[in-house]
Amino acid sequence: IPVRGYLICLDDKQNWENSRKACASLGGRLVVFETKEESDEVSDTVREWTNQTFWMALSDRSEEGLWTWTNGSTLTYASSWANNEPNDWGGGEDCAEGNFRGPRKWNDAKCRDRKNFVCEFKNDRPVCSRDEDCRVQGSTCDRNGSCEPN
């Protein structure tokens, strides 16, 4: 679903690695939040469409406890983690998900779990041209090429 310059993928849940590949195959990348404001905006936007969690491009797969984005940048703010997160519960929770136990909260999860995901694009952002492009019954395509829930 193209929404405000992002592509929210709800119909085809993937594990974290396959989410990255799916975004790349579309010419984008799994979303990297450069600021808390961007994180909040995307989290709120996803929440308009689903109450489920989603993958973002943050992990500590290279070194436990060192959370980095797939573009190589490190996490510069930690206020989006849910209480007592990240905790590597049960071991192997190395990938970050958004909207955990509510909007705007992150959690570390097992990378093999299948979840919704959000892609972002540098230049040619995904757009809708008609309501049918939005793929959710009752949603509409606005004049800016962004799907909006009704």
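The rules behind the values
Residues numbered from 1 in each chain as written. Predicted model: local features only at pLDDT ≥ 70, side-chain atom pairs only at ≥ 80, totals over all residues. Heavy atoms only, no water. Core = buried A, V, L, I, M, F, W, Y, C linked by side-chain atoms within 4.5 Å. Buried < 20%, exposed > 50% of the residue type's maximum accessible area, 1.4 Å probe, protein only. Helix = DSSP H or I, 4+ residues; strand = E, 2+ residues; numbered from the N terminus. Contact = heavy atoms within 4.5 Å. Phe/Tyr/Trp six-rings, centres within 6.5 Å; stacked < 30°, edge-to-face > 60°. Lys NZ or Arg CZ within 6 Å of the ring centre and 35° of its normal. Disulfide = S-S within 2.5 Å.

Q: What am I meant to see in the nonpolar core here?
A: Across soluble globular proteins, you tend to see nonpolar side chains buried next to one another. Within the largest apolar cluster, 39 residues are counted, with the highest numbers of intra-cluster contacts made by F33, M56, L58, W69, W106 and V118. Mapped by element, the contributors of at least two residues to this core are β2 (6-14), α1 (16-25), α2 (36-49), β4 (54-59), β6 (93-98) and β8 (115-120). When neighbours within four sequence positions are excluded, L58 is seen to be in contact with W16, W67, T68, W69, L75, W81, D94, C95, A96 and W106.

Q: What am I meant to see in the packing of aromatic side chains here?
A: Each aromatic ring pair is specified by the distance between its two centres and by the angle formed by the two planes. The final tally for this structure, using the stated rule, is five aromatic pairs. Judged by centre distance (6.0 Å) and plane angle (90 degrees), the ring pair of W69 and W106 falls under edge-to-face. With W69 in strand β5 (residues 68-69) and W106 in the loop between β6 and β7 (107-110), the pair connects residues that are 37 residues apart, well separated along the chain. W106 matches W69 in its accessibility class, with the two residues each being buried. An aromatic cluster of at least three residues, connected via ring pairs, comprises F33, W67, W69, W81 and W106. Directly above the aromatic system of W55 lies the positively charged group of K115, at a separation of 5.5 Å from the ring centroid.

Q: Where do I start with the state of the cysteines in this structure?
A: In protein structure, a disulfide is the covalent linkage between the sulfur atoms of two cysteines. Scanning the entire structure with this criterion turns up two disulfides. Disulfide pairing places C23 opposite C119 at an S-S distance of 2.0 Å. Here the S-S torsion is close to -80 degrees, and the disulfide linking C23 with C119 is therefore left-handed. One end of the pair, C23, is in helix α1; the other, C119, is in strand β8, and 96 residues separate them in sequence. In this structure, C23 and C119 share a single accessibility class: buried. Just so you know, C9 is unpaired, no disulfide at all, and the nearest cysteine sulfur is the one on C119, 4.2 Å from it.

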